[in-house]
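Descriptive structure summary
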Amino acid sequence: QLRLVESGGGTVEVGGSLTLSCTASGRAPATNWYRQTPGNERDFVAGISGNSGTNYADSVKGRFSIARNDPTNTVCLQMNNLKPEKSATYYCNAVTWTGRNYKNYWGKGTHITGSS
């Protein structure tokens, strides 16, 4: 069982930057970040594979960067030039292969609040 813990949320200003971290209890070959606003579904933001291949939602390309640190089982999401928003929760998702199928794990999320 893989446990994920997100951190780094807080209050942000428009145009500001913030770094979120996701620390896993073990190695997670594929790790993703999702964003959810009140009343909406979780949307994919960024992902990184076991060999550090990355992909991003179109809305964050050029502004966000995802990276992994395997010795600490941590994946960070650097967010720059943040857009206006009132409130959002960012969730870490890890995908592992059991040998028969893929298994998804989720953290409890870290919350971001716009300062305006």
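Scroll up a little and you will see the structure.
Let me begin by describing the structure that accompanies this report.

Reading the values: rules and limits
Residues numbered from 1 in each chain as written. Predicted model: local features only at pLDDT ≥ 70, side-chain atom pairs only at ≥ 80, totals over all residues. Heavy atoms only, no water. Helix = DSSP H or I, 4+ residues; strand = E, 2+ residues; numbered from the N terminus. Buried < 20%, exposed > 50% of the residue type's maximum accessible area, 1.4 Å probe, protein only. Contact = heavy atoms within 4.5 Å. Pairing = 2+ DSSP bridges. Disulfide = S-S within 2.5 Å. Polar contact = N/O pair within 3.5 Å; in protein donor to acceptor, adjacent residues only side chain to side chain. Phe/Tyr/Trp six-rings, centres within 6.5 Å; stacked < 30°, edge-to-face > 60°. Lys NZ or Arg CZ within 6 Å of the ring centre and 35° of its normal.

Details of the side chain of Asn32
Note on placement: Asn32 falls in strand 4 (residues 30-36). With a relative accessible area of 13%, Asn32 lands in the buried category. Ignoring any residue separated from it by four or fewer positions in sequence, one finds Asn32 in contact with Phe44, Ala46, Gly47, Ile48, Tyr91, Cys92, Asn93 and Val95.

Quick notes on the pairing of strand 10 (residues 102-106)
Both strand 9 (residues 87-97) and strand 10 contribute to a ladder of 5 bridges, which runs antiparallel. Across the sheet, Thr96 pairs through a bridge with Lys103, a residue of strand 10. Counting the residues between successive antiparallel strands, the hairpin from strand 9 to strand 10 contains 4 residues, one of them, Gly99, with a positive phi of roughly 105°.

Remarks on the state of the cysteines
Summed over the entire model, instances satisfying the criterion amount to 1 disulfide. The partner cysteine of Cys22 in its disulfide is Cys92, sulfur to sulfur 2.0 Å. The sign of the -75° torsion about the S-S bond sets the Cys22-Cys92 disulfide as left-handed. Of this pair, Cys22 sits in strand 3 (residues 18-24) while Cys92 sits in strand 9; the two residues are 70 residues apart in sequence, bridging distant segments of the chain. Exposure remark for Cys92: the relative accessible area of 0% places this residue in the buried category. No disulfide involves Cys76; its sulfur sits 9.0 Å from the nearest other cysteine sulfur, which is in Cys22.

A look at the side chain of Asn93
Assignment of secondary structure puts Asn93 in strand 9. Within polar-contact distance, the side chain of Asn93 engages the side chain of Asn104 at 2.9 Å. Setting aside residues up to four positions removed in sequence, Asn93 forms contacts with Leu4, Ala30, Thr31, Asn32, Tyr34, Asn104, Tyr105 and Trp106.

Thoughts on the packing of aromatic side chains
Where two aromatic rings form a pair, the distance of their centres and the angle of their planes describe that pair. Applying the stated criterion across every chain, the model contains 3 aromatic pairs. Taking 5.7 Å as the distance between ring centres and 80° as the angle between the ring planes, the aromatic pair formed by Tyr34 and Phe44 counts as edge-to-face. Of this pair, Tyr34 sits in strand 4 while Phe44 sits in strand 5 (residues 43-48), and the two are 10 residues apart along the sequence. Grouped by ring-pair contacts, the aromatic residues Tyr34, Phe44 and Trp106 constitute a single cluster. Here the basic side chain of Arg42 rests over the ring of Tyr91, its NZ or CZ set 3.5 Å away from the ring centre. A cation over a ring is seen here: Arg42 above Trp106, with NZ or CZ 4.8 Å from the ring centre.

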